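# Structural description and commentary
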Amino acid sequence: MASRSPKSAGAAAARVASAPDAAARAAPARRLAVVGTAGHIDHGKTALVRRLTGVDTDRLPEEKRRGISIDLGFAPLVTPAGVHVGIVDVPGHERFVKNMLAGVGGVDLVLLVIAADEGVMPQTREHLAIVKLLGVQRGVIVLTKLDLVESDWLALVTRDVRSLVAGTFLADAPIVPFSAVSGAGQGELLAALDAQLAPPGLRSSDEAVRLPVDRVFTVEGFGTVVTGTLWRGRVRTGDTLELLPSGRPVRLRRVQVHGKTVDEALAGQRTALALHGVEREQVERGDWLCLPGSLRASRVLDVRFELLPDYPRDWKPDTRVRFHLGASEIIGRLLLLGSAARSALPPGGSSLAQLRLERPAVAARGDRFVVRSYSPSRTVGGGTVIEPVAERRRRSEVAGLDSLEVHESGSLESRVLEKLASASRPVSTEQLAQEVGEGVTAVAVALDSLVARGSAVSPAAGRWLGDARWHEARDAVENAVREYASQHPSRYGVMKGELKSGLKAAMDGALFDLAFASLLSDGELEQKGERVRPGGLPWEPPEATVALLEKLEAMLEAEGFLVPDNDAWQKALGAGSVEAAALGHFLGRLVRVDSQFTYTAKQMEKLRALVSGWFDAGNATLTVADFRGFTGASRKFAVPLLEHCDRTGWTVRVGDERRRG
Ligand SMILES: Nc1nc2c(ncn2[C@@H]2O[C@H](COP(=O)(O)OP(=O)(O)OP(=O)(O)O)[C@@H](O)[C@H]2O)c(=O)[nH]1
Ligand SMILES: [Mg+2]
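Now for a quick tour of the structure. (Residues numbered from 1 in each chain as written. Chains lettered and ligands numbered in written order. Predicted model: local features only at pLDDT ≥ 70, side-chain atom pairs only at ≥ 80, totals over all residues. Heavy atoms only, no water.)

Let's shift gears to the sheet that holds strand β5 (residues 138-144). Judged by pairing direction, the sheet is mixed, and its six strands sit side by side in the order β2-β3-β1-β4-β5-β6 without closing on themselves. Single-partner strands in this sheet number two, and they are β2 (73-78) and β6 (175-177). Recorded for the sheet is a direction-independent mean angle of 25° between the axes of neighbouring strands. For strand β4 (residues 109-115) and β5, the ladder comprises seven bridges, and the chain directions are parallel. Directly across from V110, in β5, lies its bridge partner G139. Across the sheet, helix α7 (residues 151-165) lies against β4, β5 and β6, angled at about 155° from β5, the strand it touches most. (Pairing = 2+ DSSP bridges. Helix = DSSP H or I, 4+ residues; strand = E, 2+ residues; numbered from the N terminus. Axes fitted to C-alpha atoms, helices over the stretch in contact; angles between N-to-C directions. Contact = heavy atoms within 4.5 Å.)

And the structure:
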């Protein structure tokens, strides 16, 4: 698990890019979109991007030499309708699907590229499966190399392609024949892009910043630079973000969009960010930049897993996999939960599952991910994150699956309530928002309605707890107080500290304090000094104890200040005398002078009068001998009594003498 210091994150949050200010919101909205290519090797993805943008996205020497794309390439495009598009060009080679996955995560639209001369090929299918699993909703299909085929062949391939995409989000997508050589189809392609990007619902910049890092390098004078598609939120120069999973706070020294330095970048833009506070070696592809405190890294995640329909076998309940989310690839085990755990999952099936990863993943509820087999690496399925930070659970464990299902499909209110029900202490709105993976505002609204319905309570400002848990806690405190009172009738009540530590196993200290305070203010409890008893239950110490106390007082006063020591009167009066003495202390009728001697309040009054009489008579100092003289106490009693006088402030010790206090 990544260790993140909440302190440093909190401090970093002071200047972050989360909440858009009014000015930013009022600015005319610029339409932004990220478009990814997809398709088999050599089908003309890079040539198409070059034709549309003039940018050659094959920038590595090895890519030039081999004539294939190896890693992600990026190019900007402004469409005829004015949408600012960042294109992510992916490699088609089957060995580089993991690179493809690192870039395709955040796309709004996919350009599925199929060479008209070759038609549908393996990575056409695999890339299509991937964008489907990732939940991409918009797309345009491009049949490239139009210049190489006859029209009847083109018609044949078009039919093939239609049947490939039937039943998918691309079922009704435009199919545009295109040639990167002649430029044929370019106008139609741009028009198709605009048509697909026109409906609203592209991303919003008003959410917590989230950016998957897909490249890291150093730039002379700027140090560590990362690139990535800004999934959500907006970032500005000077902002502090949190690098996850390491939890390092980093400051943005410079923000660039497609090579141009800007003050601010918005969700849906390809960005290059120069980071302050982190070395090149401390960042890698797959890391995330986030609003500090908004996400937590975890090795264990609960998910809904979907196995691809064309997977050739049943899927085993415990399998080594590669987990792809954002730009990250993490190896781990996928454990099916529930009924599928006992058998296996058939192709096309889905199951609740737990991912146990070798390194922490940074996920949010609802994130789509892709799963590839460990070896050989093939795309086998994917799914949706339900619990981004989960507890390890046994596969056979059925308990808890209900709550997982609530988190998968339940309303925000039911999900918040689920979290509250399992919380051991009151939690803040922010923490709940993080746990259910929703914005703070939406969670606050859900909480208000839960409180209105009586399902949740707010025992302290900004803190929340399930109603049942709250009443359980109050009842536990009240019952403990009642029980003590009935067991110890001669005592006013239980000491508060003793009560709290007695309930330690049953309840968190913070919850105790809140429950206690609320019981006190409701009059359910009454407190005197440190002792607490049930409210409205008048306290009448047992007569026998009072009688014994009177006997004890008489015994202590019998010989002036020469009282019998504690052992002596306990022996003389029997077991009940300790209880009687405790009552005397609580009532202020007895005073503990030291571990050996107890005096009555009356004796103490007399002592005080004698001491002040001594000083009133004009004596500046008081020695032990003087004291013995006017009290008749032997040295054995005089020393502890004088120390008591010092403690109560009647006298002040100076060397071997006392002065008036
Ligand atoms: N005749 C013709 N050739 C094309 C066309 N588009 C691409 N090519 C050629 O096809 C080859 C592969 O093109 P790329 O654009 O590199 O293919 P790609 O899909 O990017 O390949 P990978 O990135 O490696 O998956 C190159 O030699 C291109 O010149 C086209 O429309 N017509
Ligand atoms: Mg290419």
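Another point: the packing of aromatic side chains. Applying the stated criterion across every chain yields a total of twelve aromatic pairs. Ring geometry for Y492 versus W539: centroids 5.6 Å apart, planes at 90°, classification edge-to-face. In this pair, Y492 is assigned in the loop between α14 (467-487) and β26 (494-495) and W539 in the loop between β28 (531-534) and α17 (543-557), connecting sequence segments 47 residues apart. By the burial criterion, Y492 is buried, and W539 matches it. Ring geometry for F561 versus Y599: centroids 6.4 Å apart, planes at 45°, classification tilted. Placement of the pair is F561 in the loop between α17 and α18 (566-573) and Y599 in strand β30 (residues 598-600), with a sequence separation of 38 residues. In terms of burial, F561 and Y599 fall into one category: buried. Grouping aromatic residues by their ring pairs yields a cluster made of F305, Y311 and W315. Lying across the ring of Y492, R533 places its NZ or CZ 5.6 Å from the centre. (Phe/Tyr/Trp six-rings, centres within 6.5 Å; stacked < 30°, edge-to-face > 60°. Buried < 20%, exposed > 50% of the residue type's maximum accessible area, 1.4 Å probe, protein only. Lys NZ or Arg CZ within 6 Å of the ring centre and 35° of its normal.)

A few words now on α18. Looking at α18, one finds that the buried residues are N566, W569 and L573. One side of α18 holds all its buried residues, which, seen down the axis, span an arc of 75°. Away from the buried face of α18 by more than 90 degrees, exposed residues D567, K571 and A572 are located. Taken together, the buried residues of α18 touch α17, α19 (576-587) and β30. At the C-terminal side of α18, G574 shows a positive phi close to 90°. (Arc of directions from axis to C-beta.)

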